[in-house]
Amino acid sequence: MDSFFRCRVLTGLTVLLGSLSASAAVAQELYTLETTCRSAGQTHSCTVVASDVDDTTEYVHTFGSQTVSYRVIDDPYVRIEGRASNTTPWSSVKNATIDFKAEELCFNNQAFCVKNTKYLADVLVGSGDAMQGRTKVGMVFAANGRVDVACFDNGCDRLKEAIRQ
């Protein structure tokens, strides 16, 4: 009877641990990129690791002893969240800009920027003809993280002017 009890306990633990590991985030690395990041007005050499994690694509930027992460969520609508370290919670990004000429993507009024030619090339390919020939793209996000306003090229400069007034 004692071995029967142990067998049931081991079976129960196996099922429990199996269900816990199934709910953990599964990450599949897409690419690693050596590039530059700009934070607090200073440019740093940084490493970007892009991974598919469950239903998101996460971009982890490491420079010096700092790690800054952003994730793109597509469902139920496109939104971007960021966090200043692995121990802080995710929060919605306020705005994002892409400068295709400078090959730079920036978040939250340029508080953090990264040169990521791989991501920007994917944006151009994934958007088909809609983005071809564009030099700038900007997005302002609502409180729920959903795109509230989008701008292109000179329209982004005009939007910034309107916001300042």
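Up top is the structure these notes are about.
All values derive from a computational prediction rather than experimental measurement.

How each quantity is defined
- Numbering of residues starts from 1 in each chain and follows the order in which that chain's sequence is written.
- Confidence filtering applies because this is a predicted model: local features only for residues at pLDDT of at least 70, side-chain atom pairs given and counted only at 80 or more, and all residues used for totals across whole chains, interfaces and linings.
- The side-chain quantities take in all heavy atoms of the structure and omit both hydrogens and water.
- Only a pair of cysteine sulfur atoms within 2.5 Å counts as a disulfide in this structure description.
- Using a 1.4 Å probe on the protein chains alone, a residue whose accessible area is under 20% of its type maximum counts as buried, one over 50% counts as exposed, and one in between counts as partly exposed.
- The term salt bridge refers to a pairing of a side-chain nitrogen on Lys or Arg with a carboxyl oxygen on Asp or Glu at a separation within 4 Å.
- The helix and strand labels rest on DSSP assignments: H or I over at least four residues marks a helix, E over at least two residues marks a strand, and numbering proceeds from the N terminus.
- When DSSP finds two or more bridges between a pair of strands, those strands are recorded as paired.
- For each structure, a 1 Å grid was placed over the protein atoms alone; sets of points admitting a 1.4 Å probe that cannot get out are labelled cavities, open sets with protein on both sides within 12 Å along at least five of seven lines are labelled pockets, and lining residues have an atom within 4 Å of a point.
- Grid points are joined across faces, edges and corners, and a volume is the space filled by probe spheres set on the points.
- For this scheme, ten residues count as nonpolar: Ala, Val, Leu, Ile, Met, Phe, Trp, Tyr, Cys and Pro. Four count as charged, namely Asp, Glu, Lys and Arg, and the remainder, Gly too, count as polar.

(A) Inspection of the state of the cysteines at higher detail. Within this structure, the stated rule accounts for 3 disulfides. Through a disulfide, Cys-106 is tied to Cys-113; the S-S separation comes to 2.1 Å. Given an S-S torsion of about 115°, the disulfide between Cys-106 and Cys-113 has right-handed geometry. Cys-106 gets classed as buried once you look at its relative accessible area, which sits at 3%. A disulfide bridge connects Cys-151 with Cys-156, and the sulfur atoms are separated by 2.3 Å. Judged by the torsion about the S-S bond (105°), the Cys-151/Cys-156 disulfide is right-handed.

(B) Quick look at the pattern of salt bridges. According to the stated counting rule, one finds 5 salt bridges in the structure shown. The salt bridge partner of Glu-104 is Arg-38, with a shortest N-O separation of 2.7 Å. Residue Glu-104 is found in strand E8 (residues 104-107), and its partner Arg-38 is found in strand E1 (residues 27-39); the two are separated by 66 residues along the sequence. On the basis of relative accessible area, Glu-104 is assigned to the buried category, the value being 15%. As a salt-bridge pair, Asp-153 and Arg-134 come within 2.9 Å of each other at their nearest N and O atoms. In this pair, Asp-153 is assigned in the loop between strand E11 (147-152) and helix H3 (154-164) and Arg-134 in the loop between helix H2 (117-126) and strand E10 (136-141), connecting sequence segments 19 residues apart. Of the residues examined, Arg-134 reaches a relative accessible area of 29% and is grouped as partly exposed.

(C) Quick peek at the pairing of strand E9 (residues 112-115). One ladder, built from 3 bridges, connects E1 with E9; its direction is antiparallel. Directly across from Ser-39, in E9, lies its bridge partner Phe-112. Where E8 and E9 come together, 4 bridges link them in antiparallel fashion. Note on E9: the bridge partner recorded for Phe-107 is Phe-112. Here E8 folds back onto E9 in antiparallel fashion, the turn holding 4 residues, of which Asn-108 has a positive phi close to 50°.

(D) Fine view of the layout of surface pockets. Taken as a whole, the largest pocket spans an internal volume of roughly 390 Å³. Tyr-59, Val-72, Ile-80, Tyr-119 and Val-123 are the residues nearest the centre of the largest pocket, which is lined by 20 residues in total. Where the lining of the largest pocket is concerned, the elements lending two or more residues are E1, strand E3 (56-63), strand E4 (66-73), E8 and H2. The residue inventory of the lining of the largest pocket, partitioned by class, reads 15 nonpolar, 3 polar and 2 charged.

Without other data, these values stay purely geometric and don't point to any function.
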